[in-house]
Amino acid sequence: MSAKKVLFITQEITPYVPESELSLMGQNLPQAIQEKGCEIRTFMPKWGIINERRNQLHEVIRLSGMNIIIDDTDHPLIIKVASIQAARRQVYFIDNDDYFQHREMTFDENGNDYEDNGERAIFYARGVLETVKKLRWCPDVIHCHGWMSALVPLYIKKAYYDEPSFRDSKVVYSVYNEGFKSTLAPEFANQVLFREITPADISMINYPADLENLNKLAVTYSDGIIQNSETVNQNVLDYARNLHIPVVGYQQQADSFADACNALYDEVLASAENK
């Protein structure tokens, strides 16, 4: 049997950004899953605070060059990569001059959410999926971390469902006690629409979108949910259970958490085979 292929789409990874619950998970979980014999790929945004020279990022010319269209505007997609030598793995970075260069992460130096955070999330999600297509790599499981990846389950199930790279992929979404503080721009719901996605597909999004409903959107199109923070929005977990989606509760020990994630990957893959 060939090794499971797991794609990690995460918001933060240390040491590229400061340590946080998200960034430590972004570093440690892919490593633990790789050590279990899985083949992995890892993506994160190329936040403006990342020092490219210190972290030895370089552009991958063969993967860069396409445009992501949002609101009829072309946004060039730039792909960079760096190696975590001790871990023997690479991290791919999604970059764009307007969305990421010379900026903080999801909020500015004054602690305010960026007004175009919704557009940035759209660009990030679609940028990762287009890059994976170019890599000609077909993940069995796609594990999304952080609200910046919340659109990936929707795009996989509704916009990229017939792409060879994702036709058989199962999506797992991790819920954290983090996110933007206010709401996304009023035009966000229209900006999300792409290919076969219709307004009915995102009917749970408020106008403007808040964090709870963005997480519920991710849950709607996921095959499994993981509670990554000890305290999260209970409404989101209850929503998943009402949809009969498997939910893995919070795991305090790192080793047991990696085991629980790997078991969930096997569960969602097995359920697909039994259908």
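Above: the structure in question.
Along each chain, residue indices are assigned from 1 in the same order as the chain's sequence is written. Under the rules for a predicted model, residues below a pLDDT of 70 receive no local features and side-chain atom pairs below 80 are neither given nor counted, while totals for whole chains, interfaces and linings still include all residues. Computation of side-chain values covers all heavy atoms of the structure but excludes hydrogens and water.

Moving on, we come to the overall build of the chain. Starting at the N terminus, helices and strands are each numbered in turn, a helix being any DSSP run of H or I of at least four residues and a strand any DSSP run of E of at least two. Tallying secondary structure elements over the chain gives eight helices and 11 strands in all. Here the C-alpha atoms of the chain give a radius of gyration of 17 Å, agreeing with the 19 Å that 2.2 N^0.38 yields for 275 residues. Expressed along its principal axes, the backbone C-alpha trace of the chain runs to roughly 45 × 45 × 35 Å. Relative accessibility under 20% of the residue-type maximum defines a buried residue, over 50% an exposed one, and the middle range a partly exposed one, all with a 1.4 Å probe and only protein chains included. The buried share of the chain, reckoned over its 275 residues, is 58%. By the convention used here, residues are in contact when the closest approach between their heavy atoms is within 4.5 Å. Here the analysis covers contacts within the chain between residues at least 6 apart in sequence; of these, 69% occur between residues at least 24 apart. We take the radius of gyration over the C-alpha atoms and set the globule estimate at 2.2 Å times the residue count to the 0.38 power.

This part covers the packing of helix α3 (residues 117–135) against helix α4 (residues 152–159). For the pair α3 and α4, interaxial distance at closest approach is 9 Å and the crossing angle is 55 degrees. Regarding the angle of α3 to α4, the classification is oblique. Two packed elements cross with a definite hand, and for α3 against α4 that hand is right-handed. Contact residues: I122, A125, R126 and L129 in α3; V152, Y155 and I156 in α4. Lines fitted to C-alpha atoms define the axes here, with helix axes fitted over just the stretch in contact, and angles between the N-to-C directions of these axes take values from 0 to 180 degrees. Angles are sorted into four bins: roughly parallel if under 35 degrees, roughly antiparallel if over 145, roughly perpendicular if 65 to 115, and oblique for all others. Less than a right angle of anticlockwise turn of the near helix away from the far helix marks a crossing as left-handed, whereas a clockwise turn marks it as right-handed.

The next subject is helix α1 (residues 21–35). Over its 15 residues, α1 runs 21 Å from end to end, which matches the ideal 21 Å to within 8%, given 1.5 Å per residue. For α1, the full list of buried residues reads L22, S23, M25, G26, Q27, L29, P30, Q31, I33 and Q34. Positive phi shows up at G37, right after α1, with a value of about 95 degrees. Helices are assigned an expected span. That span is 1.5 Å times one less than the residue count.

Here the focus is the sheet that holds strand β10 (residues 224–227). Taking strand neighbours across the sheet as the criterion, the nine strands line up as β3-β6-β7-β2-β1-β8-β9-β10-β11 in an open arrangement whose pairing is mixed. In this open sheet, the two strands that pair with only one neighbour each are β3 (58–59) and β11 (247–248). Two strands are said to pair when DSSP picks up at least two bridges between them. In this sheet, strand β9 (residues 170–175) lies alongside strand β8 (residues 141–145) in parallel orientation, the contact comprising five bridges. The partner of I142 across the bridge, within β9, is V171. Across the sheet, α4 lies against β1 (5–9), β8 and β9, angled at about 145 degrees from β8, the strand it touches most.

Here we come to the pairing of β1. Burial analysis of β1 places four of its five residues in the buried class, which makes it a mostly covered element. Taken together, the five bridges between β1 and strand β2 (residues 39–45) define a ladder with parallel strand orientation. Its bridge partner being in β2, F8 is matched across the sheet by T42. Seen with its strands pointing away from the viewer, a crossover is right-handed if its path from the first strand over the helix to the second goes clockwise. As a crossover connection, the stretch from β1 through α1 into β2 is right-handed.

Right, let's get into the environment of T14. Residue position: T14 is located in the loop between β1 and α1. Sequence spacing of T14 and E104 is 90 residues, and the spatial spacing of their C-alpha atoms is 15 Å. Contacts of T14, omitting those with residues within four sequence positions, involve E19, S23, L24 and Q27.

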